[in-house]
Amino acid sequence: MTPKAAAIGTFDGVHLGHAEVLSTLKKVAMEKGLQPIAITFDRHPLDLIAPQRAPKAITTIAKKKDLISKKGVTPVVLPFDETLRKTTAKDWMTLLRNEHNVRVLVVGYDNTFGSDGVNMSIADYRSIGKHLGMEVIEAPLVAGVSSSAIRKAVAAGNVTDANDMLGRHFLLPGKVVTGNRLGRTIGFPTANILTQPGIVVPKRGVYAAIALLPDGSKHPAMVNIGVRPTIRRGNEQTVEANIINWEGDLYGKDISLLFYSRIRDEQQFDSIDILRHQLEEDREAAISIIEPNSVKNQK
């Protein structure tokens, strides 16, 4: 079995802090002639331990694997079940050595793992590693960046802050479903997007974004998240994207939205004409935010 260097974590978002861990992991692996792997899970541990407190995810499992792979590290996704929940730090490290031939373990700054890991320090992990013949290395700290901070920023509509911590634009995936088609009656047809369950959704409001379409093309979009109070049809929250200067049929297809910034809060207007005028201003704002040179390979 190929000797490996490993990191363990939820890696939700694969943000700048995670990137530092993965970069350290890859560097150490290259220096020591090891294969770098990132051990992660098919769900957040709280989904099992305390579902009512489980946070929304920043990325899907598939996207997380893709982002880790793009860092030059092989993702290994394990099911987080009762057995894993009860695994101590020592048993974790023993499993890594015996089942994955891990010779070096890279941990994030102040990161812990194992059922007894909450009160453990890097010195404790190094002590266990010494007995197992495993070197333990701590990655540098990236201050102010965490998955919880990113979730909080997205949920508050502060997508620019979330983007800064992610090192890229927050991506919201979903499938286009049939809506009530009210947008096209006022000159702003929209794709009604059913977002993937369990992914954090930005706060209600209007956003500038890029729509990633199934054919690989990218288009500027004005996104409304909310209940459309001026032309309300019930209280269900929707995510609707007006894909600027694009026409076509997307029903039943998967698309993703890359969020650039928040334009304004969702508002109720006194008339459809006032709403239409505001949407025209919103569209211009979105175009000015999504600069032409950031939209590539349009088709």
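Residues numbered from 1 in each chain as written. Predicted model: local features only at pLDDT ≥ 70, side-chain atom pairs only at ≥ 80, totals over all residues. Heavy atoms only, no water.

J.: Could you give an account of the packing of helix α5 (residues 89-100) against helix α6 (residues 122-132), with specific residues and numbers?
T.: The interhelical angle for the contact between α5 and α6, taken along N-to-C directions, is 40 degrees, at an axis separation of 10 Å. Judged by the inter-axis angle, α5 sits oblique to α6. Crossing of α5 over α6 shows right-handed handedness. Residues A89, K90, M93, T94 and R97 of α5 lie in contact with α6, whose contacting residues are Y125, I128, G129 and L132. Broken down by class, the residue content of the contact of α5 with α6 amounts to five nonpolar, two polar and two charged. (Axes fitted to C-alpha atoms, helices over the stretch in contact; angles between N-to-C directions. Helix = DSSP H or I, 4+ residues; strand = E, 2+ residues; numbered from the N terminus. Parallel < 35°, antiparallel > 145°, perpendicular 65-115°, else oblique. Left-handed = near helix turned anticlockwise from the far one by under 90°. Contact = heavy atoms within 4.5 Å. Nonpolar A, V, L, I, M, F, W, Y, C, P; charged D, E, K, R; others polar.)

J.: Give a detailed account of the packing of aromatic side chains, specifying residues and quantitative values.
T.: Applying the stated rule across the entire model yields five aromatic pairs. Their ring planes at 45 degrees and their centres at 6.0 Å tell us that F170 and F259 sit as a pair that is tilted. Residue F170 is located in strand β6 (residues 170-177), and its partner F259 is located in strand β11 (residues 254-264); the two are separated by 89 residues in the primary sequence. Neither F170 nor F259 differs from the other in exposure class; each is buried. Each residue in the set F41, F80 and W92 is aromatic and connected to the rest through ring pairs, giving one cluster. (Phe/Tyr/Trp six-rings, centres within 6.5 Å; stacked < 30°, edge-to-face > 60°. Buried < 20%, exposed > 50% of the residue type's maximum accessible area, 1.4 Å probe, protein only.)

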